[in-house]
Amino acid sequence: MADIAALTALIEPEVKALGFDLVRVKLFGQGDERTLQIMAERRETRQLVIDDCMTISRRLSDLFDEVDPIEEAYRLEVSSPGIDRPLTRLHDFVEWGGFEARITVTEPIDNRKTFKGVLGTVEGEDIAFKDTKVGNVVIPFALIDTAKLVLTDALINATMPLSAEGADDIETEG
């Protein structure tokens, strides 16, 4: 399986050159069902429209034709992180402080590996978190396996409306 850090190092400069921020690179599935998922966003809106996805996809497809970083067959998927987005960068925890999240860590903290509650402040690389069951806990960024915002009314109200521009132009097989 391809090295995610190497793929990220290859993909991120291309995404940034187009004016977007890379949120996540994930390779999952096996055999004919393998997918390389690229999540990116516009800095000012935290989302992508369909044309943005196509622009990134074309740029990366051209690059991958030259470099061929994944030996196995795969499907390229470019998308916005969505409202209940994954939190993958330290500044995501700063930007989304005060909102509900679900966090899984690689090593137990206070005898737990899964937390659900409200994101607090970030001090250095430590995230203050108020878990609904155990109260206040400090989670080192280095121990986070997965983190994702929880879809709540507060999150919906704080998020810019998603653009549906171009959605009517999509052709589907029927």
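Engineer: Whenever I open this one, unusual backbone geometry confuses me. Can you help?
Structural biologist: Peptide bonds are, in most cases, trans, and in most cases residues other than glycine have a negative phi. Residue Arg46 is not a glycine yet carries a positive backbone phi of 60°. Locating Arg46 in the fold gives a position in the loop between β2 (35-42) and α2 (50-67). Taking relative accessible area as the criterion, Arg46 reaches 31% and is therefore assigned partly exposed. In this model, Asn111 sits at a positive phi of 65°, which is unusual for a non-glycine residue. By secondary structure assignment, the location of Asn111 is in the loop between β4 (100-109) and β5 (112-123). Look at Asn111 and you get exposed, because its relative accessible area is 78%.

Engineer: Is there a simple way to explain α2 in this structure?
Structural biologist: An α-helical segment advances 3.6 residues per turn. Residues three or four places apart therefore align on the same side. An ideal rise of 1.5 Å per residue puts 26 Å on 18 residues; α2 measures up with 25 Å between its terminal C-alpha atoms. Within the span of α2, buried status applies to Asp52, Cys53, Ile56, Leu60, Leu63 and Phe64. Taken end-on, α2 shows its buried residues confined to a sector of 105°, consistent with a single buried face. Within α2, the exposed residues directed more than 90 degrees away from the buried face are Arg58, Asp62, Asp65 and Glu66.

Engineer: Help me understand the layout of surface pockets, please; the structure alone is not making it clear to me.
Structural biologist: Empty space among the atoms becomes apparent when a probe as large as a water molecule is rolled across them. Considered as a void within the structure, the largest pocket measures approximately 490 Å³ in volume. Lining the largest pocket are 23 residues; nearest its centre among them are Arg24, Pro86, Leu87, Thr88 and Asp145. Of all the elements in the fold, those that place two or more residues in the lining of the largest pocket are α1 (4-17), β1 (20-28) and β8 (144-149). Class assignment for the residues of the lining of the largest pocket results in 13 nonpolar, three polar and seven charged.

Engineer: Is there a simple way to explain the side chain of Asp21 in this structure?
Structural biologist: Examined against the element boundaries, Asp21 turns out to sit in strand β1. One polar contact links Asp21 to Arg43, side chain to side chain, over a distance of 2.9 Å.

Conventions we followed
- Residues numbered from 1 in each chain as written.
- Predicted model: local features only at pLDDT ≥ 70, side-chain atom pairs only at ≥ 80, totals over all residues.
- Heavy atoms only, no water.
- Helix = DSSP H or I, 4+ residues; strand = E, 2+ residues; numbered from the N terminus.
- Buried < 20%, exposed > 50% of the residue type's maximum accessible area, 1.4 Å probe, protein only.
- Expected span 1.5 Å × (residues − 1).
- Arc of directions from axis to C-beta.
- 1 Å grid on protein atoms, 1.4 Å probe; cavity = no way out; pocket = protein on both sides within 12 Å on 5 of 7 lines; lining within 4 Å.
- Points joined across faces, edges and corners; volume = space filled by probe spheres on them.
- Nonpolar A, V, L, I, M, F, W, Y, C, P; charged D, E, K, R; others polar.
- Polar contact = N/O pair within 3.5 Å; in protein donor to acceptor, adjacent residues only side chain to side chain.

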